[in-house]
Amino acid sequence: MPNDSSSRAPGAPLPGWYPAPHADGEQRYWDGAKWLEPATNSTNSSEQSKKSRKGLWITLSIIGGVIVLGGVGGALGLDGEDTDDDAIPAASQSDEPTQVPTHEPDDEADDAADDEPTSYKYTAEPDPRPEEPEPEPEPEPEEPGLTLGQENAIGSAHNYLDYAGFSRESLIGQLEYEGYSTEEATFAVDYIAPDWNEEAAESAQSYIDYTDFSRQGLIEQLLYEGFTQKQAEFGASAVGY
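Residues numbered from 1 in each chain as written. Predicted model: local features only at pLDDT ≥ 70, side-chain atom pairs only at ≥ 80, totals over all residues. Heavy atoms only, no water.

**Topic: a negative patch on the surface**
Here's step 1: A contiguous patch of negative charge, built from D162, D195, E198 and E202, is present on the exposed surface.
Here's step 2: Looking at where E198 falls in the secondary structure, it is placed in helix α6 (residues 196-210). (Patch = residues over 30% accessible without salt bridge, like charges linked within 9 Å, V, L, I, M, F, W, Y side chains within 5 Å. Areas by Shrake-Rupley, 256 points an atom, 1.4 Å probe, with all protein chains shown as cover. Salt bridge = Lys/Arg side-chain N within 4 Å of Asp/Glu carboxyl O. Lys, Arg positive; Asp, Glu negative; His and termini not counted. Charge placed at Lys NZ, Arg CZ, Asp CG, Glu CD. Helix = DSSP H or I, 4+ residues; strand = E, 2+ residues; numbered from the N terminus.)

Printed below as a string of structure tokens:
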């Protein structure tokens with residue numbers, strides 16, 4: 001064995017096979033100075049060469065099979081055409097004449113057709129009279145303009161309804177108290193036409209917020225305010241009674 005002690009670094013292990021730290025502990029040969037890596041290029045080249053030759057043989061086999069199939073198909077096609085050509089003259093070799101059916105006129109059918117009545121189609125002629133124009137709708141009558149008293153009464157009624165719940169009777173009375181005439185107050189209330197059930201519910205809630213009421217007592221209070229029986233009962237039910 002040659003002496004490698006001259007090239008070995010001081011303290012380095014002797015040449016031999018050891019687990020290589022840089023190769024995850026795989027066995028590598030240490031020559032005393034460096035690690036020797038295994039040669040893999042020749043092996044890979046040999047395997048690649050084998051794969052290339054195998055792929056070439058497969059390709060050539062496929063091409064040869066296609067050529068063979070093409071030749072067989074062409075031969076079959078030619079045989080089929082010859083068979084059809086031979087069959088055509090065989091059918092035309094018959095010397096028997098072809099009989100054409102003749103149709104003799106039917107005198108009875110012609111006489112029956114002559115006896116049938118001829119039908120005529122009637123086409124209505126257009127009416128020469130011009131169409132009368134439709135009457136134009138009568139214009140709706142314009143609403144009469146509001147007087148200054150009616151406009152102000154409407155504005156005051158809106159203000160009262162925004163403040164609290166009123167019955168029809170109590171709202172007319174409040175407007176009369178403000179100095180409007182009965183006609184102006186009544187016109188303003190009917191012109192606004194609020195939901196009196198909602199007004200009864202609002203008035204009932206204001207009474208409940210102020211003091212305690214029984215259902216019957218609350219209905220009687222609403223009746224006193226000018227609401228009808230149904231409106232008063234609706235207001236009491238709206239607050240939970």
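There's plenty left to go through after this.
**Observations regarding the nonpolar core**
Here's step 1: Counting residues in hydrophobic clusters, the biggest one holds 15 residues, and the most contacted among them are L171, L175 and V189.
Here's step 2: Among all residues touching V189, those that are not within four sequence positions of it are R168, L171, I172, L175, P194 and W196.
Here's step 3: One finds A200, A204, I219 and A236 within the second-largest nonpolar core, a separate group that totals nine residues. (Core = buried A, V, L, I, M, F, W, Y, C linked by side-chain atoms within 4.5 Å. Buried < 20%, exposed > 50% of the residue type's maximum accessible area, 1.4 Å probe, protein only. Contact = heavy atoms within 4.5 Å.)

**Here's the deal with α6**
Here's step 1: For α6, spanning 15 residues, the distance from its first C-alpha to its last is 21 Å, which sits close to the expected 21 Å at 1.5 Å a residue.
Here's step 2: Those residues of α6 that sit buried are W196, E199, A200, A201, S203, A204 and Y207.
Here's step 3: Where α6 is buried, its residues meet α3 (148-163), α4 (168-177), α5 (182-192), α7 (215-224) and α8 (229-238).
Here's step 4: The backbone nitrogen of N197 has a side-chain oxygen 3.2 Å away, supplied by the residue at the start of α6, namely D195. (Expected span 1.5 Å × (residues − 1). Polar contact = N/O pair within 3.5 Å; in protein donor to acceptor, adjacent residues only side chain to side chain.)

**Things to note about the environment of N197**
Here's step 1: Residue placement: N197 occurs in helix α6.
Here's step 2: For N197, a relative accessible area of 29% gives the class partly exposed.
Here's step 3: Along the chain, N197 and A232 lie 35 residues apart, while their C-alpha atoms are 7.9 Å from each other.
Here's step 4: In contact with N197, other than residues within four places in its own chain, are Q231 and F234.

**Digging into the sheet that holds strand β1 (residues 16-19)**
The strands making up a sheet associate through hydrogen bonds between their backbones, and the pairing can be parallel or antiparallel.
Here's step 1: The strand order β1-β2-β3 describes an open sheet built from three strands, whose pairing is antiparallel. The open sheet is flanked by β1 and β3 (35-36), the only strands paired with a single partner.
Here's step 2: Note that β1 and strand β2 (residues 27-30) share four bridges and pair antiparallel. Within the sheet, the bridge partner assigned to P19 lies in β2 and is Q27. (Pairing = 2+ DSSP bridges.)

**A look at the pattern of salt bridges**
Here's step 1: Inspection of the entire model under this criterion finds three salt bridges.
Here's step 2: Ionic pairing is found between E26 and R28, a salt bridge with its closest N-O pair at 3.1 Å.
Here's step 3: D190 serves as the salt-bridge partner of R168, at 3.0 Å between the closest nitrogen and oxygen. Of the two residues, R168 sits in helix α4 while D190 sits in helix α5, which places them 22 residues apart along the sequence.
Here's step 4: The class of D190 is partly exposed, set by a relative accessible area of 41%.

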